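# Topology and contacts: notes
Chain by chain, the residues run as shown.
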Amino acid sequence: MLTHIDKQGNPAMVDVTEKQVTHRTATARSVVVLPDEVLQHLVDGDLMSKKGPVFQTAIIAGIMAAKKTGDLIPLCHPLGMDNCSITIQVNEQQEIVIDCTASITAKTGIEMEALVGASIAALTVYDMCKAMSHDIVIKETKLIAKTGGKRDFKRA
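This section reports on the structure supplied with the text. For clarity, every value in this text was computed on a predicted model and none was experimentally measured.

Let us now look at unusual backbone geometry. It is generally the case that most residues other than glycine have a negative phi and that most peptide bonds are trans. Positive phi values are uncommon outside glycine, yet Asp44 reaches one of about 50 degrees. Inspection of the secondary structure puts Asp44 in the loop between β2 (42–43) and β3 (46–49). With a relative accessible area of 81%, Asp44 lands in the exposed category.

Structural data, given as structure tokens:
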């Protein structure tokens, strides 16, 4: 069943009027692959570029974007998040792993906010590092877990 289509086949927001208010959380992840010429600028857990500290800037950009999700995705409900946090780490494969966790107490979920936050943080890493190399790949963005809605989800 398509939830964003009305009976006439037109785009529509999901009506959440009858839904229960619950505490909801979502975590999304984006993975960025950087070439060695960029990774060599990793210092004390952050990448340094001519534009400044990459990870710190990406965290701020991701949180700002998550707060604007209702403005960016046409049929998303505008939400006032209770919290949003972003962590950035380098994994064993030397990839940049960005996790965005958002939470809210509301009638509708917050997974799109987490996905947008992780995505924009990844795009910010790209933007801040592109002067060093254009061989940067945003490999994936995916939902890791969500709780509090009709059904919980946790990626195995």
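Here we take up the sheet that holds strand β4 (residues 52–53). Reading across from one edge, β2-β3-β4 is the order of the three strands in this open sheet, with antiparallel pairing throughout. The open sheet has two free edges, formed respectively by β2 and β4, since each of these has just one partner strand. Across two bridges, β2 lies against β3 in antiparallel orientation. The residue of β3 that forms the bridge with Val43 is Asp46. Contacts from helix α2 (residues 54–67) reach β2, β3 and β4, with the element oriented near 100 degrees to β3.

With that out of the way, let us pick up α2. The first and last C-alpha atoms of α2 sit 20 Å apart over 14 residues, in line with the 20 Å expected at 1.5 Å per residue. Every buried residue belonging to α2 is among Val54, Phe55, Ala58, Ile59, Ala61, Gly62, Ala65 and Ala66, and all of these are buried.

Next up on the list: the sheet that holds strand β5 (residues 83–90). Strand order across the open sheet formed by five strands is β5-β6-β1-β7-β8, with antiparallel pairing between neighbours. Each end of this open sheet is capped by a strand with a single partner; those strands are β5 and β8 (153–154). Looking at chain direction, strand β1 (residues 22–33) and strand β7 (residues 137–147) are connected through nine bridges and run antiparallel. Of the residues in β7, the one forming a bridge with Val31 is Glu140. Sheet contacts for α2: β5 and β6 (95–106); angle to β5, the most-contacted strand, approximately 150 degrees. Relative to β1, helix α4 (residues 111–129) is tilted by about 25 degrees, and along the sheet it contacts β1, β5, β6 and β7.

Inspection of every chain in the model, using the stated rule, returns five salt bridges. The salt bridge involving Asp99 is made with Arg29; its shortest N-O contact spans 2.6 Å. Of the two residues, Asp99 sits in strand β6 while Arg29 sits in strand β1, which places them 70 residues apart along the sequence. Between Asp127 and Lys130 there is a salt bridge; the shortest N-O distance is 2.4 Å. Using a relative accessible area of 30% as the deciding quantity, one classes Asp127 as partly exposed. With relative accessibility at 30%, the residue Lys130 sits in the partly exposed group. Connected via shared salt-bridge partners are Lys51, Asp127 and Lys130.

Here the focus is the pairing of β7. Sheet topology places β7 next to β8; two bridges connect them, and they run antiparallel. Bridging across to β8, Lys146 finds its partner in Phe153.

Conventions we followed
- Residues numbered from 1 in each chain as written.
- Predicted model: local features only at pLDDT ≥ 70, side-chain atom pairs only at ≥ 80, totals over all residues.
- Heavy atoms only, no water.
- Helix = DSSP H or I, 4+ residues; strand = E, 2+ residues; numbered from the N terminus.
- Buried < 20%, exposed > 50% of the residue type's maximum accessible area, 1.4 Å probe, protein only.
- Pairing = 2+ DSSP bridges.
- Contact = heavy atoms within 4.5 Å.
- Axes fitted to C-alpha atoms, helices over the stretch in contact; angles between N-to-C directions.
- Expected span 1.5 Å × (residues − 1).
- Salt bridge = Lys/Arg side-chain N within 4 Å of Asp/Glu carboxyl O.

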